[in-house]
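This is what each chain is made of:
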Amino acid sequence: LRFELPVTDAGAAATVATATVRVWVDAAKVVLVAPGGSDAAAGGFGAPMRTLAAAIPRAISLGVGGAVYAAGGLYPQAAALDVTAGTGVYGGFDEETWDRDPASHPTVVGGFPTGFVVEATGVTLDGLTIEPADAVTFGGSSIAVLVRDSADVRIARCPQDLEGADAV
């Protein structure tokens, strides 16, 4: 949230002061990830992790409310990303300021025939462009998000080019 406040000093000089308030699911359970990060890092401000494959398990280990906040960039995957109960993955952040604008800082997840696997309650995927690789076998499938045996799953602001895609 960004607030702009007009301020006038005693000499009648006017300016605008800006205050930014960041809202996290749970401020004690934030895991930041950026293409310029390191998976050996703690995942906090100034020390983001590099891959979603490493950041998601760290967020899960923090318990319900643990969440990954991903800076814009490409996140190629070697395997599907499993997201469990009470965990969120949010994209569209600026790697320097951690301001969020998914249109200006697209977070692209791709490279494996299945992007995310959700088999849990209370999972959120928000602000991600999920581009799974083509199927690896004839007659196989390419799935952006596989949701099964789940409830309260929220997928929002995840733009997709669905031309020619089949929905089930």
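Now for a look at the structure at hand. (Residues numbered from 1 in each chain as written. Predicted model: local features only at pLDDT ≥ 70, side-chain atom pairs only at ≥ 80, totals over all residues. Heavy atoms only, no water.)

**Topic: the packing of aromatic side chains**
Counting across every chain of the model gives 6 aromatic pairs. Ring pairs connect the aromatic residues Trp24, Phe45, Tyr69, Tyr90, Phe93 and Trp98, which therefore count as one cluster. (Phe/Tyr/Trp six-rings, centres within 6.5 Å; stacked < 30°, edge-to-face > 60°.)

**Re the nonpolar core**
In terms of nonpolar packing, the biggest core is built from 32 residues, with Val33, Leu52, Ile56, Val68, Tyr69, Val89 and Phe116 touching the most fellow members. Secondary structure elements with two or more residues in this core: β3 (30-33), α1 (52-61), β4 (67-71), β6 (81-83), β7 (88-93), β9 (114-118) and β11 (128-131). By residue number, the principal contributor to this core is β4, which donates 5 residues. (Core = buried A, V, L, I, M, F, W, Y, C linked by side-chain atoms within 4.5 Å. Buried < 20%, exposed > 50% of the residue type's maximum accessible area, 1.4 Å probe, protein only. Helix = DSSP H or I, 4+ residues; strand = E, 2+ residues; numbered from the N terminus.)

**Brief notes about unusual backbone geometry**
At Trp98, a position not held by glycine, the phi torsion is positive, near 65°. Secondary-structure assignment places Trp98 in the loop between β7 and β8 (107-110). Overall, Trp98 belongs to the buried group, its relative accessible area being 5%. Of note in the backbone geometry, Asp152 takes a positive phi value of approximately 55° without being a glycine. As for its placement among the helices and strands, Asp152 is situated in the loop between β12 (143-147) and β13 (154-156).

Any functional reading would require information beyond the geometric quantities listed.
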